[in-house]
Amino acid sequence: GQQLNQSPQSMFIQEGEDVSMNCTSSSIFNTWLWYKQDPGEGPVLLIALYKAGELTSNGRLTAQFGITRKDSFLNISASIPSDVGIYFCAGQRGGGGNKLTFGTGTQLKVEL
Amino acid sequence: EAQVTQNPRYLITVTGKKLTVTCSQNMNHEYMSWYRQDPGLGLRQIYYSMNVEVTDKGDVPEGYKVSRKEKRNFPLILESPSPNQTSLYFCASSVNRGLGYGYTFGSGTRLTVV
């Protein structure tokens, strides 16, 4: 099955810095979602994007649905220690159930 | 509280010994799914179910079975576990009304097969 490529794989940043990560696919998705996984827990939905070009914010998080529908981006502004975790993108096409195809994940570590 | 409950959280077993990981949701969701998470590979879908008695294979179904006899429960069965099934497993559920409805995940089951 297809997987989505996320970059970077991991990043170590200073508290207060802005963070950017992206997700690319070889095929089109109709919905893009971003999840965060805290250590020892399941992923939790952060943001959902529904149409190409859409830019959506949730607090310090901003995500964009790429124009080509083959990519998505997530930005975190002014990172804080609780931003630590693994961030996953996920694409959804519809039809055949609600299947989400997940990315490989970006591990974020914040240095105090 | 709306949630997906998986049990057990941790399991160590031996090759070939049948095991079942349970999953239950209290949100009346139609759609349920199992994923495995491996380093560098993200989450990969094992099986999914769109409603009671309706199940289908995901991307990595080999070595797994599921059943959906009741709407709230979706157990994952490993008839003869092997070491390559050592992984972190997640159950998830969702409404089945089309795009954009994200999943609610359980807290995960870390399985080690020796």
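Up top is the structure.
Everything quoted here is computed from the prediction, not taken from an experiment. (Residues numbered from 1 in each chain as written. Chains lettered and ligands numbered in written order. Predicted model: local features only at pLDDT ≥ 70, side-chain atom pairs only at ≥ 80, totals over all residues. Heavy atoms only, no water.)

Observations concerning the state of the cysteines
All names here are of chain A. So the rule is basically this: Disulfide: a pair of cysteine sulfur atoms within 2.5 Å of each other. Note on conventions: DSSP H or I runs of at least 4 residues are helices, E runs of at least 2 residues are strands, and numbering of each starts at the N terminus. Partly exposed residues are those whose accessible area sits between 20% and 50% of the maximum for their type, while under 20% is buried and over 50% is exposed, using a 1.4 Å probe and protein chains only.
In this structure the tally under the stated criterion is 2 disulfides over all chains. One disulfide bridge connects cysteine 23 with cysteine 89, the sulfur atoms lying 1.9 Å from each other. Between cysteine 23 and cysteine 89 the sulfur-sulfur dihedral comes to about 50°; the bridge is accordingly right-handed. Taken as a pair, cysteine 23 in strand β3 (residues 19–24) and cysteine 89 in strand β9 (residues 85–92) lie far apart in primary sequence, 66 residues in all. Residue classification places cysteine 23 among the buried positions, given a relative accessible area of 0%. The exposure class assigned to cysteine 89 is buried, which follows from its relative accessible area of 0%.

Focus on the pairing of β9(A)
All names here are of chain A. The condition is simple: We call two strands paired when DSSP finds no fewer than two bridges between them.
Among the 8 residues in β9, 7 count as buried, and that is most of the element. For strand β4 (residues 31–37) and β9, the ladder comprises 7 bridges, and the chain directions are antiparallel. For tryptophan 34, the partnering residue across the bridge sits in β9 and is cysteine 89. By the bridge criterion, 3 bridges tie β9 to strand β11 (residues 106–111) in an arrangement that is antiparallel. Residue pairing for β11: tyrosine 87 is matched across the bridge by threonine 106. In the sheet, β9 pairs with strand β10 (residues 100–102) via 3 bridges, with the strands oriented antiparallel. Bridge assignment links glutamine 92 to a residue of β10, and that residue is leucine 100.

Observations regarding the pairing of β4(A)
All names here are of chain A. With respect to burial, β4 is a largely interior element, 7 of its 7 residues being buried. Alternating residues of β4 divide into Thr31, Leu33, Tyr35 and Gln37 and Trp32, Trp34 and Lys36, and every residue in both groups is buried. Here β4 runs beside strand β5 (residues 44–49); their pairing, made up of 5 bridges, is antiparallel. Of the residues in β5, the one forming a bridge with lysine 36 is valine 44. Between β4 and the antiparallel strand that follows it, β5, lie 6 residues; glycine 40 among them carries a positive phi value of about 80°.

Focus: the sheet that holds strand β1 (residues 4–7) of chain B
Residues and elements named next belong to chain B. Reading across from one edge, β1-β3-β8-β7 is the order of the 4 strands in this open sheet, with antiparallel pairing throughout. Because the sheet does not close on itself, it has two edges, and the strands there are β1 and β7 (65–66). Note that strand β3 (residues 19–25) and strand β8 (residues 76–78) share 3 bridges and pair antiparallel. By the bridge assignment, valine 21 is partnered in β8 with leucine 76.

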